[in-house]
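Geometric and topological summary
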Amino acid sequence: MSSILVANSNADYAKKIAAVLRTGGLNVSGVCTTGSQVIDFANRHYHGGVVVCSVKLMDMPALNLPRSVGSNYDFLFIVKSQQMDISESLSCASLIMPINRMDLLSSVNMLLNISDYSSLTIKKKIANGNYDEKQVIEQAKNILMERNNFTEPQAHRFIQKKSMDSGKKMIETAMIILNL
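Everything quoted here is computed from the prediction, not taken from an experiment.

Looking now at the packing of helix α7 (residues 133-148) against helix α8 (residues 152-166). Axis separation between α7 and α8 bottoms out at 9 Å; the angle between their running directions is 115 degrees. Both α7 and α8 take part in a crossing whose hand is right-handed. Contacts from Ile-137, Glu-138, Ala-140, Lys-141, Leu-144 and Met-145 of α7 reach α8 at Glu-152, Ala-155, His-156, Phe-158 and Ile-159. Among the residues forming the contact of α7 with α8, the class breakdown is seven nonpolar, one polar and three charged.

Okay, helix α9 (residues 170-178) next. Counted residue by residue, α9 has eight buried out of nine residues, so it is predominantly covered. The set of residues buried in α9 consists of Ile-171, Glu-172, Thr-173, Ala-174, Met-175, Ile-176, Ile-177 and Leu-178. Positive phi appears at Asn-179, one or two residues downstream of α9, with a value of about 60 degrees.

In this model, the largest pocket occupies a volume close to 430 Å³. The wall of the largest pocket is formed by 21 residues, among which Pro-66, Leu-90, Ser-91, Cys-92 and Lys-161 lie closest to the centre. Within the residue set of the lining of the largest pocket, elements represented by two or more residues are α3 (65-69), β4 (73-79) and α8. By residue number, the principal contributor to the lining of the largest pocket is α8, which donates six residues. Looking at the lining of the largest pocket, its residues break down into 10 nonpolar, five polar and six charged.

Okay, the pairing of β4 next. In terms of burial, β4 is largely enclosed, as seven of its seven residues are buried. Here β4 shows two buried faces, one formed by Tyr-73, Phe-75, Phe-77 and Val-79 and the other by Asp-74, Leu-76 and Ile-78. Across six bridges, strand β3 (residues 49-54) lies against β4 in parallel orientation. Its bridge partner lying in β4, Ser-54 is registered against Ile-78.

Where charged atoms from two side chains of opposite charge come close, those side chains can pair. A full pass over the atoms with the stated rule returns five salt bridges. Across the pair Lys-141 and Glu-138 runs a salt bridge, and its minimum N-O distance is 2.8 Å. Of this pair, Lys-141 and Glu-138 both sit in helix α7, separated by three residues, roughly a single helical turn. For Lys-141, a relative accessible area of 5% corresponds to the buried category. On the basis of relative accessibility, which here comes to 37%, the residue Glu-138 falls in the partly exposed class. As a salt-bridge pair, Lys-141 and Glu-152 come within 2.5 Å of each other at their nearest N and O atoms. In this pair, Lys-141 sits in helix α7 while Glu-152 sits in helix α8, placing the two residues 11 residues apart along the sequence. Shared partners join several salt bridges into a network, and the residues in it are Glu-138, Lys-141 and Glu-152.

Conventions and cut-offs
Residues numbered from 1 in each chain as written. Predicted model: local features only at pLDDT ≥ 70, side-chain atom pairs only at ≥ 80, totals over all residues. Heavy atoms only, no water. Axes fitted to C-alpha atoms, helices over the stretch in contact; angles between N-to-C directions. Helix = DSSP H or I, 4+ residues; strand = E, 2+ residues; numbered from the N terminus. Left-handed = near helix turned anticlockwise from the far one by under 90°. Contact = heavy atoms within 4.5 Å. Nonpolar A, V, L, I, M, F, W, Y, C, P; charged D, E, K, R; others polar. Buried < 20%, exposed > 50% of the residue type's maximum accessible area, 1.4 Å probe, protein only. 1 Å grid on protein atoms, 1.4 Å probe; cavity = no way out; pocket = protein on both sides within 12 Å on 5 of 7 lines; lining within 4 Å. Points joined across faces, edges and corners; volume = space filled by probe spheres on them. Pairing = 2+ DSSP bridges. Salt bridge = Lys/Arg side-chain N within 4 Å of Asp/Glu carboxyl O.

In C-alpha cells:
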C-alpha cells in the first residue's frame, strides 16, 4: 500500500494540506517539516507513495529530495506563484499556490493510481473503445501542463517514465491521468 507524506516547513500549513487530503478520502501516513524526516520516512516505508512537499523545508531545499529518496516516491511540489520558474526545472508535478482543493486531490490520486492501478480495466477499454492513442496522450499531456505546470517535453517524459516504471503502455498511463 502506498503512503502519502506531507512535508512543509510550516507545520500548520502541512496539517491543513493533510486535512484536505484526508477529507478527500486519502490516507495520509505522516506530516513533517524537514527533509531529513522525509528521507527517514521513505527509508522506513520503502514500498513508495507520494510526497506533497513545499520547495523549501526547515533544514534544506526540497528540490533534491526526489534523488535522495529514490524512485519509489513521487513528489508533488507546492510552489509559490513567484517561484513558478522553478516548476519548469522540476521533473516532478507541481501546483501553484493558492492551491485548488480539487487539483490537489486529483494530482495526488493521479500519482497514486499510476503506480498502483490495475490496468486490466483500462486494457479492456482500449480493446473495446475507439481511442486514438496520440490524442489520448496529448490530452493527458495537456492536463499535466495545465494542472501540474509541466512543459510539453516534461509532460511527455513524465508519461513515458511512469509507463516504463510501471510496465504499462503510454496510452494506459495517459488514460489513468485522464481518469478514463
